Amino acid sequence: NAGVTQTPKFRVLKTGQSMTLLCAQDMNHEYMYWYRQDPGMGLRLIHYSVGEGTTAKGEVPDGYNVSRLKKQNFLLGLESAAPSQTSVYFCASSRQGFAYEQYFGPGTRLTVT
Amino acid sequence: GQQVMQIPQYQHVQEGEDFTTYCNSSTTLSNIQWYKQRPGGHPVFLIQLVKSGEVKKQKRLTFQFGEAKKNSSLHITATQTTDVGTYFCAANSGGYQKVTFGIGTKLQVIP
């Protein structure tokens, strides 16, 4: 099992550009999450999904959109990137709800200039 | 909303010394999880505590959940250089409440 994978690993964007981060999991997990990690801020939940076809807002959703068309994939989109979105993005999944352990992907380091 | 405070934010210890990080919640928790993130890596689940007063051990790591289920601690005995990383608590208030991560404690071990 690959667990949770993320693509790309690194990306540099100019302000105003758009991009999509892809997360895939092969554990048949129901819940999937997108976090951002910034120095001194810990992990902050952007959006999450409780199952195929569902999405919900987390703590810091502004400027991001998500889609979960297939159970194994969770996409995070930035429509118009801003320097404030420079961060490390982690995708995670869990078997069922928030009370279950989360499995994290390796992360995507995004820089917006 | 739920707030989770984790202290200290940074800790430098000599190899062989003990280390403790604390996590405090403003609300009663259903459970608490602990994760470790190595430098340049991703968070990895360590353990989950559910019961009031629960104590669990993993080799040199001891995890405690407070009697009131509002605080938790992770204690490492005789640190080693392999313990270097950031330790996060993740607090869950139950039901469909989201998990809130603490800010993390970054541990440096000086050989």
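Below: a short report on this structure. (Residues numbered from 1 in each chain as written. Chains lettered and ligands numbered in written order. Predicted model: local features only at pLDDT ≥ 70, side-chain atom pairs only at ≥ 80, totals over all residues. Heavy atoms only, no water.)

Let's talk about the state of the cysteines
By definition, a disulfide links two cysteine residues through a covalent bond between their sulfur atoms. Let me state the cut-off plainly: The term disulfide is used for any two cysteine sulfur atoms that are within 2.5 Å. Going along the chain from the N terminus, every DSSP run of H or I of four or more residues is numbered as a helix, and every run of E of two or more is numbered as a strand.
Evaluation of the coordinates by the stated rule reveals 2 disulfides over all chains. Residue Cys23(A) pairs covalently with Cys91(A) via a disulfide, S to S 1.9 Å. Taking the torsion about the S-S bond as the criterion, the Cys23(A) to Cys91(A) disulfide, at about -75°, is left-handed. Taken together, the residues Cys23(A) in strand 3 (residues 19–25) and Cys91(A) in strand 9 (residues 87–94) connect sequence positions 68 residues apart. Put simply, Cys23(B) and Cys89(B) are joined by a disulfide, and their sulfur atoms are 1.9 Å apart.

Some points on the interface of chain A and chain B
Definition in use: Note on contacts: a residue pair qualifies if any of its non-hydrogen atoms lie within 4.5 Å across the two residues. In short, buried area is how much 1.4 Å probe accessible area vanishes from two parts on joining, totalled over both. By convention in these notes, a salt bridge is any Lys or Arg side-chain nitrogen within 4 Å of a carboxyl oxygen on Asp or Glu. Polar contacts, as used here, are pairs of N or O atoms within 3.5 Å; protein pairs need one atom able to donate a hydrogen and one able to accept it. Residues neighboring in sequence count only if both atoms are side-chain atoms.
At the interface, 19 residues of chain A touch 19 residues of chain B. The junction of chain A with chain B conceals about 1,500 Å² of combined surface from both sides, 59% of it contributed by carbon and sulfur atoms. Three residues, Leu43(A), Phe98(A) and Phe104(A), lead the burial of chain A against chain B; their summed loss comes to 34% of the area buried on that side. One can count 0 salt bridges joining chain A with chain B. For the interface between chain A and chain B, the tally reads 5 residue pairs in polar contact (both at pLDDT 80 or more). Broken down by secondary-structure element, the contributors of at least two residues to the side of chain A that touches chain B are strand 4 (31–38) and strand 5 (42–49) of chain A. Per-element accounting of the side of chain A that touches chain B gives the leading share, 4 residues, to strand 5 of chain A.

Here we look at the pairing of strand 5 (residues 44–49) of chain B
Working note: regular strand, side chains alternate between the two faces of the sheet. Residues and elements named next belong to chain B. Applicable threshold: Two strands form a pair only when DSSP identifies at least two bridges running between them.
Bridge count between strand 4 (residues 31–37) and strand 5: 5 bridges; the pairing is antiparallel. Considered in strand 5, the bridge of Gln33 is made with Gln48. The hairpin formed by strand 4 and strand 5 contains 6 residues between the paired strands, and Gly40 there has a positive phi angle of roughly 80°.

Points about the sheet that holds strand 3 of chain A
All names here are of chain A. Test applied: Only C-alpha atoms enter the line fits that serve as axes; for helices the fit covers just the stretch in contact. Angles between N-to-C directions range over 0 to 180 degrees.
The 4 strands lie next to each other as 1-3-8-7, forming an open sheet whose pairing is antiparallel. Edge strands, defined here as strands with exactly one partner in the open sheet, are strand 1 (4–7) and strand 7 (64–67). Sheet twist, expressed as the mean angle between neighbouring strand axes with direction ignored, is 20°. Pairing between strand 3 and strand 8 (residues 73–78): 6 bridges, direction antiparallel. Among the inter-strand pairings, Ala24 is bridged to a residue of strand 8, identified as Asn73.

As for the pairing of strand 11 (residues 108–112) of chain A
Residues and elements named next belong to chain A. Note the cut-off: Each residue is placed in one exposure class: buried if its accessible area under a 1.4 Å probe, protein chains only, is under 20% of its type's maximum, exposed if it is over 50%, and partly exposed if it falls in between.
Going residue by residue along strand 11, you find Thr108, Leu110 and Val112 tucked away on one face and Arg109 and Thr111 left uncovered on the opposite face. Sheet topology places strand 2 (residues 10–13) next to strand 11; 4 bridges connect them, and they run parallel. Its bridge partner being in strand 11, Val12 is matched across the sheet by Thr111. Alignment of strand 9 against strand 11, held across 3 bridges, turns out to be antiparallel. Bridge pairing in strand 11 links Tyr89 to Thr108.

Some thoughts on the pattern of salt bridges
It is possible for side chains of opposite charge to pair when their charged atoms get near one another. Per the counting criterion, the structure on display carries 5 salt bridges over all chains. Here Lys71(A) makes a salt bridge to Glu30(A), at a shortest N to O gap of 2.8 Å. Of this pair, Lys71(A) sits in the loop between strand 7 and strand 8 while Glu30(A) sits in the loop between strand 3 and strand 4, and the two are 41 residues apart along the sequence. Under the relative-accessibility criterion, Lys71(A) is labelled buried at 18%. For Glu30(A), a relative accessible area of 30% translates into the label partly exposed. When the shortest N-O distance is used, the salt bridge between Lys56(B) and Glu54(B) registers 3.7 Å. By relative accessible area, Lys56(B) is classed as partly exposed at 29%. By relative accessible area, Glu54(B) is classed as buried at 16%. Connected through shared salt-bridge partners, Arg36(A), Asp38(A) and Arg44(A) make up one network.

Honestly, it's all geometry; don't read function into it.
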